[in-house]
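# Chains, contacts and geometry: an overview
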Amino acid sequence: MDELRQAAAKAADLMADHLDRVGDGPVWQPVPDGDRAWLTTQRMPENGRPLDELLDDARSRIMTHPMGNGHPRFFGWVNSPPSPAGAVFEPLAAALNPSCAGGDHAGPLLERTVVRWLADLVGFPHPPGGGLLTSGASMATIVCLASARQRATLADGWDAREDGLSGHPPLILYVSAEGHSCLHKAAQLLGLGARQVRTVPVDSHYRMDVAALRSMIATDAAAGLRPFCVAASAGTVNSGAVDPLDAIADVAAEHGLWFHIDGAYGALGILADGAAPAFAGLDRADSLALDPHKWLGVPVGCGCALIADPAATRAAFSLVPSYLVDENADDLGWFAEYGPEQSRPFRALKTWATLSHLGRDGVARLVNHTTGLARTLAAMVEDAGDFELLAPVTTSITAFRYRHEGSQARDGDGLDALNRAIPAAVQRRGNAFLTGTRLGGTDALRTCILHPNTTEGDLAVLLDEIRAAAKDLSR
Ligand SMILES: Cc1ncc(COP(=O)(O)O)c(C=O)c1O
């Protein structure tokens, strides 16, 4: 036990040292060849090695090669630094090591509270059992769309789980052109077929065009197809746009569609001062995906599927083999009856700790700080002669592009190629990290600000790094 205690203390120091110093060095660096070879090709030892020695390896060859998202100048994709509470509590979940498939122990019980807290934070209805934690939004989306599929087919006197979908009128899913790829992946996995996913156009602010949605549904219904679900976004990954949720809820109600919202990244944006009107209608959805491992900084992976009618989800997933029948279970049964996973990690602990450590007020402060910086960055971009803002800022994402001082915006391939090359060049310089995307037919740069310690000074460094990278690339 002494070895364990000493190793645990050393691991705690290693963790604290890393988090203390992560902002001092480069944001990211390519892994040097020697360590790359060690990481990828080492042989499994014949005899076990002491924990102390393994921690030395962690200090010298593993912790030295982070993704970069702990650094305040990491602006890539949607990856937050770890919450301090998450980093401290994750090892305790491993020490308990339960399976949260179900049962009467702390894991599933605390998960009930955490899911309720998440629903309450964003004002989503929460009946008992209305949701579960998942590995991330991709899995939460599968949970939500499978619930929608099962409800729709049962309403048609058909059981997709028993009969499959062959012979049933094609089920049509509506996703905006800015909807996340996980919606398409879920539709494909659920056997809907990529061709049955309609791409609804967006307006000039990258929000779903509701008139177009309405007319696409009418066309499909007239052709004998079965519109069954519309998936809106509360915070798109490219620009952070929030779809007109209230108007989409009206359309869904009119046509009996399941209304899903992908709020994986952006749903917490509702807590920013003055933001609530943009999210009106969020509480009218049948399901909402919301990732604690994004804005809240709960260590990866932790997503959440919030469900207004948990019976629909249980109908889609419940399959209890005789060896799992639990006479002690309450009416809600096991979490394993509400999703694809059976063995489930204790995700609730790090999420409970993070939410408790921040408090509602701390979450709102984090959201306000980061959305405020995203707006500041947009203003800096607009003031500069060599940048162009590509979308309004609704959450903490800013979409923009570099252009040479005085050049016309959107002037074709030269600028596209340059903006496509800038992220990797900025990343290699090591002083900031951002990623790119395609938006409105052009190559774009985008930043997603999630770090509580990012400052306005960091934004100025970022813009200068982009300028320097562009200069290098243009040479
Ligand atoms: C808007 C949105 N939806 C869904 C996802 C997928 O989430 P996950 O990576 O947790 O599966 C992401 C990931 O960035 C996202 O930004």
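Just so it is clear, the model here is predicted, and its values are computed rather than measured.

## Structural notes on the site of the ligand
In the neighbourhood of the ligand, 14 residues make up the surrounding shell, with Ala137, Ser138, Asp262, Asp291 and Lys294 lying closest. In the environment of the ligand, an oxygen atom lies 2.9 Å from a nitrogen or oxygen atom belonging to the backbone of Ala137. Within the side chain of Asp262, a nitrogen or oxygen atom sits 2.7 Å from a nitrogen atom of the ligand. Out of a free accessible area of 390 Å², the ligand has 83% covered by protein chains.

## Points about the packing of aromatic side chains
Per the counting criterion, the structure on display carries 8 aromatic pairs. An angle of 45 degrees between the planes, with centres 6.3 Å apart, marks the rings of Phe74 and Trp77 as tilted. Looking at Phe74, the relative accessible area reads 4%, which means it is buried. On the accessibility criterion, Trp77 (42% relative accessible area) is partly exposed. Between the aromatic rings of Phe74 and Phe433, the centroid separation amounts to 4.6 Å while the plane-to-plane angle is 25 degrees, which identifies the pairing as stacked. With Phe74 in the loop between α3 (51-62) and α4 (84-96) and Phe433 in the loop between α13 (413-429) and β10 (435-439), this residue pair connects regions lying 359 residues apart in the sequence. Given a relative accessible area of 3%, Phe433 falls into the buried group. Positioned over the ring face of Phe335 is Arg112, at 4.1 Å from the centre of the ring.

## Examining the pairing of β10
Of the two faces of β10, the one holding Thr435, Thr437 and Leu439 is buried and the one holding Gly436 and Arg438 is not buried anywhere. Here β10 runs beside strand β11 (residues 442-448); their pairing, made up of 5 bridges, is antiparallel. Across the sheet, the residue bridging to Thr435 is Arg446, located in β11. Linking β10 to β11, which pair antiparallel, is a turn of 2 residues; within it Gly440 sits at a positive phi near 60 degrees.

## Things to note about the environment of Thr41
By the secondary structure assignment, Thr41 is in helix α2 (residues 33-41). A polar atom in the side chain of Thr41 sits 2.6 Å from the backbone oxygen of Ala37.

## Quick word on the domain arrangement of the protein
Examined at the domain level, the protein breaks down into domain 1 (16-40 + 50-83 + 361-475) and domain 2 (98-345). For domain 1 and domain 2, the distance between their C-alpha centres works out to 30 Å. On the domain 2 side, the residues contacting the 28 residues of domain 1 number 27 residues. Between domain 1 and domain 2, a total of about 2,100 Å² is buried, with carbon and sulfur atoms accounting for 62% of that surface. On inspection of domain 1 and its partner domain 2, the count reaches 0 salt bridges. Connecting domain 1 to domain 2 are 11 residue pairs in polar contact (both at pLDDT 80 or more). Listing elements by their share of the side of domain 1 that touches domain 2, those giving two or more residues are α12 (347-383), β9 (397-402), β10 and β11. With 7 residues, α12 is the largest single contributor of residues to the side of domain 1 that touches domain 2. Across the side of domain 1 that touches domain 2, the residue classes break down as 16 nonpolar, 10 polar and 2 charged.

## Some points on the side chain of Thr454
Its location among the elements puts Thr454 in the loop between β11 and α14 (456-474). Its relative accessible area of 2% is what places Thr454 among the buried residues. Ignoring sequence-local partners within four residues, the contact set of Thr454 consists of Pro72, Phe75, His369, Leu373 and Ile449.

## A look at the sheet that holds strand β2 (residues 171-176)
The strands making up a sheet associate through hydrogen bonds between their backbones, and the pairing can be parallel or antiparallel. In spatial order, the strands read β1-β7-β6-β5-β4-β2-β3; together these 7 strands make up an open sheet with mixed pairing. Of all the strands in the sheet, the pair left with one neighbour each is β1 (131-134) and β3 (197-200). Shown here is a sheet whose adjacent strand axes are inclined to one another by a mean of 20 degrees, direction ignored. Here β2 pairs with β3 via 4 bridges, running parallel. Paired with Val175 across the strands is Thr199, a residue of β3. Its contacts with the sheet put helix α9 (residues 210-222) on β2, β3 and β4 (226-233), and the angle it makes with β3 is roughly 150 degrees.

## As for the sheet that holds β9
What the 4 strands build is an open sheet, ordered β8-β9-β11-β10; its pairing is antiparallel. Pairing within the sheet leaves two strands with one partner each, and these edge strands are β8 (387-389) and β10. The mean inter-strand angle of the sheet, taken between neighbouring strand axes irrespective of direction, is 45 degrees. Of the strand pairs in this sheet, β8 and β9 are connected by 3 bridges, and their pairing is antiparallel.

Calculation criteria
Residues numbered from 1 in each chain as written. Predicted model: local features only at pLDDT ≥ 70, side-chain atom pairs only at ≥ 80, totals over all residues. Heavy atoms only, no water. Near = heavy atom within 4 Å. Polar contact = N/O pair within 3.5 Å; in protein donor to acceptor, adjacent residues only side chain to side chain. Areas by Shrake-Rupley, 256 points an atom, 1.4 Å probe, with all protein chains shown as cover. Phe/Tyr/Trp six-rings, centres within 6.5 Å; stacked < 30°, edge-to-face > 60°. Buried < 20%, exposed > 50% of the residue type's maximum accessible area, 1.4 Å probe, protein only. Helix = DSSP H or I, 4+ residues; strand = E, 2+ residues; numbered from the N terminus. Lys NZ or Arg CZ within 6 Å of the ring centre and 35° of its normal. Pairing = 2+ DSSP bridges. Domains from an automatic or database assignment. Contact = heavy atoms within 4.5 Å. Buried area = accessible area lost by both parts, 1.4 Å probe. Salt bridge = Lys/Arg side-chain N within 4 Å of Asp/Glu carboxyl O. Nonpolar A, V, L, I, M, F, W, Y, C, P; charged D, E, K, R; others polar. Axes fitted to C-alpha atoms, helices over the stretch in contact; angles between N-to-C directions.

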